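# Overview (structure and organization)
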Amino acid sequence: MPFLTVLSRSERADVRRQRRHQTLPEKATWAMRLVARWCPGRRLVMVGDGAYASLDLFWTLRDCAVCVARCRMDARFFNPPPPRRKGQKGRSRVVGTRQLTPRTRAVRKATKWERMTVPGWRTKDGKAEREVDVATGTALWSAHGKTMPVRWVLTRDPAGRAETRAFVCSDPEQSALQILTWYAMRWAVEPTFQEARRHLGFETQRQWSDRAIHRSTPLLLSLFSLVTLWAADMAARTGQLAVLGAAWYRKPDPTFADCLAAVRRVLWAEEAVNPILWRDDYPTWRARARTAENPRPLQQRLAELMSYAA
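Residues numbered from 1 in each chain as written. Predicted model: local features only at pLDDT ≥ 70, side-chain atom pairs only at ≥ 80, totals over all residues. Heavy atoms only, no water.

Bringing the overall build of the protein into the picture now. Within the protein one finds 9 helices and 6 strands. Every one of the 310 residues in the protein was classed for burial, and the buried ones make up 32%. As displayed, the protein has an accessible area near 21900 Å², and 55% of this comes from carbon and sulfur atoms. (Helix = DSSP H or I, 4+ residues; strand = E, 2+ residues; numbered from the N terminus. Buried < 20%, exposed > 50% of the residue type's maximum accessible area, 1.4 Å probe, protein only. Areas by Shrake-Rupley, 256 points an atom, 1.4 Å probe, with all protein chains shown as cover.)

Turning our eyes to something else, we now look at helix α7 (residues 210–238). Helix length check: α7, at 29 residues, gives a terminal C-alpha distance of 42 Å against a target of 42 Å (1.5 Å per residue), a fit within 8%. Along α7, the residues classified as buried are Ala212, Ser216, Leu220, Phe224, Val227, Ala231 and Met234. (Expected span 1.5 Å × (residues − 1).)

The next thing to look at is the packing of aromatic side chains. Counted by the stated rule, this structure contains 5 aromatic pairs. Ring plane angle 80° and centroid distance 5.4 Å describe the contact between Phe58 and Trp141, whose orientation is recorded as edge-to-face. One end of the pair, Phe58, is in helix α3 (residues 55–60); the other, Trp141, is in strand β4 (residues 129–143), with 83 residues separating them in the sequence. A residue is classified by how much of its surface remains accessible, and Phe58, at 0% relative accessible area, is buried. For the ring pair Phe224 and Phe256, a centre distance of 4.3 Å and an interplane angle of 20° mean the geometry is stacked. Taken together, the residues span a long stretch of sequence, with Phe224 in helix α7 and Phe256 in helix α8 (residues 256–273) at a distance of 32 residues. (Phe/Tyr/Trp six-rings, centres within 6.5 Å; stacked < 30°, edge-to-face > 60°.)

We now examine a nonpolar patch on the surface. Together, Trp230, Val266, Leu267, Trp268 and Met306 line one region of the surface with nonpolar side chains, adding up to about 460 Å² of accessible area. Among the elements that line the nonpolar patch, the one with the most residues is α8, at 3 residues. Mapping Trp268 onto the fold places it in helix α8. Here Trp268 falls in the partly exposed class, since its relative accessible area comes to 39%. (Patch = residues over 30% accessible without salt bridge, like charges linked within 9 Å, V, L, I, M, F, W, Y side chains within 5 Å. Salt bridge = Lys/Arg side-chain N within 4 Å of Asp/Glu carboxyl O.)

With that settled, the discussion passes to the nonpolar core. The biggest cluster of nonpolar side chains holds 26 residues, and the ones touching the most others in it are Met46, Leu57, Phe58, Phe77, Trp141, Leu154 and Val168. Of all the secondary-structure elements, those providing two or more residues to this core are α2 (24–38), α3, β2 (66–71), β4, β5 (146–156) and β6 (165–169). No other element matches β5, which puts 4 residues into this core. With sequence-adjacent residues up to four places away left out, Trp141 is seen in contact with Ala53, Ser54, Leu55, Phe58, Arg76, Phe77, Lys146, Thr147, Met148, Val150 and Val168. Ranked by size, the runner-up nonpolar core spans 16 residues in total, among them Val118, Val132, Ile179 and Tyr183. (Core = buried A, V, L, I, M, F, W, Y, C linked by side-chain atoms within 4.5 Å. Contact = heavy atoms within 4.5 Å.)

This part takes up the confidence of the model for the protein. Detailed reading of predicted coordinates is not advised where the pLDDT is low. Looking at the protein as a whole, the pLDDT averages 81, with 79% of positions reaching at least 70. Helix α9 (residues 297–306) is the least confidently modelled element of the protein, averaging 66 in pLDDT, while β6 averages 95, the highest of any element. (pLDDT = per-residue confidence, 0-100.)

Residue placement: Gln174 occurs in the loop between β6 and α5 (176–185). Among the residues examined, Gln174 registers a relative accessible area of 13% and is labelled buried. Only 3.0 Å separates the side chain of Gln174 from the side chain of Asp171, close enough to count as a polar contact. Apart from residues lying up to four places away in sequence, Gln174 is in contact with Arg43, Arg151, Cys169, Ile179 and Trp182. (Polar contact = N/O pair within 3.5 Å; in protein donor to acceptor, adjacent residues only side chain to side chain.)

Looking now at the pairing of β6. Strand residues, when the strand is regular, have side chains that alternate between the two faces of the sheet. Extensive coverage of β6 is indicated by the burial of 5 of its 5 residues. With burial as the criterion, each face of β6 is covered, one bearing Arg165, Phe167 and Cys169 and the other bearing Ala166 and Val168. Direction of pairing for β2 relative to β6: antiparallel, over a ladder of 4 bridges. Its bridge partner lying in β6, Ala69 is registered against Val168. (Pairing = 2+ DSSP bridges.)

The structure is reproduced here in structure tokens:
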């Protein structure tokens with residue numbers, strides 16, 4: 001019976017272009033080796049989600065970067081091999097006995113948990129830091145003929161609002177607090193790409209040329225930075241930014257949508273007072289703009305609503 005192979009979009013594109021398909025860990029390995037070559041002598045730390053918890057990636061980058069990733073709850077870790085006995089024949093053992101899986105260790109009563117405060121850990125409620133129960137240890141990660149020492153970290157929410165998670169670090173000398181702090185810093189990158197996709201059209205370009213995509217992507221990310229810096233300067237001068245809320249949801253701090261709306265209102269107000277069609281370098285038959293300096297309440301409300309349109 002013939003088997004049907006379902007290919008992803010990226011795999012089909014690689015087949016059309018007659019090139020070898022690369023997985024996400026392989027692309028990350030290539031990118032980190034390139035950054036390590038650009039920055040010799042600097043300490044690099046790569047933090048990723050579960051897609052990058054690959055032993056091949058950790059093994060390849062063991063000399064140029066410290067890798068931290070979220071691993072599976074059924075990950076296979078091993079103890080160090082026992083010392084070789086006198087007169088023992090054959091090759092030495094690579095690994096020892098298998099350790100408990102993170103899922104099994106999380107439910108055991110004998111597991112020793114330590115409560116610590118991690119800066120930036122799950123700050124959904126506005127807190128700058130949160131307490132978390134942590135269990136950690138060292139192990140050997142072995143698969144496909146590769147073996148390397150790692151440190152695993154198991155986290156548990158004392159309030160029971162979050163699921164238990166497991167993390168792995170390629171440097172067993174690092175502490176659990178440092179590993180979790182590195183992983184918490186990754187959250188600032190995730191909303192950046194999410195907000196850039198939602199409001200700036202990031203990764204939704206429809207150009208047919210790869211070079212056009214390579215040009216527009218850095219421009220959109222730089223636009224994200226400019227809007228954020230402009231909104232931060234406005235908040236420093238005025239004291240606060242307007243925050244759009246709803247009856248079922250209240251947010252104390254402005255998001256990127258509020259920053260983008262504030263910047264749009266400033267640009268639209270300047271255009272309303274001195275539009276480009278009524279400037280000296282663009283002569284027109286009309287003496288002045290239709291919009292006055294103080295717009296009407298209805299026009300101001302429409303402008304506020306339109307400033308939040310994607």
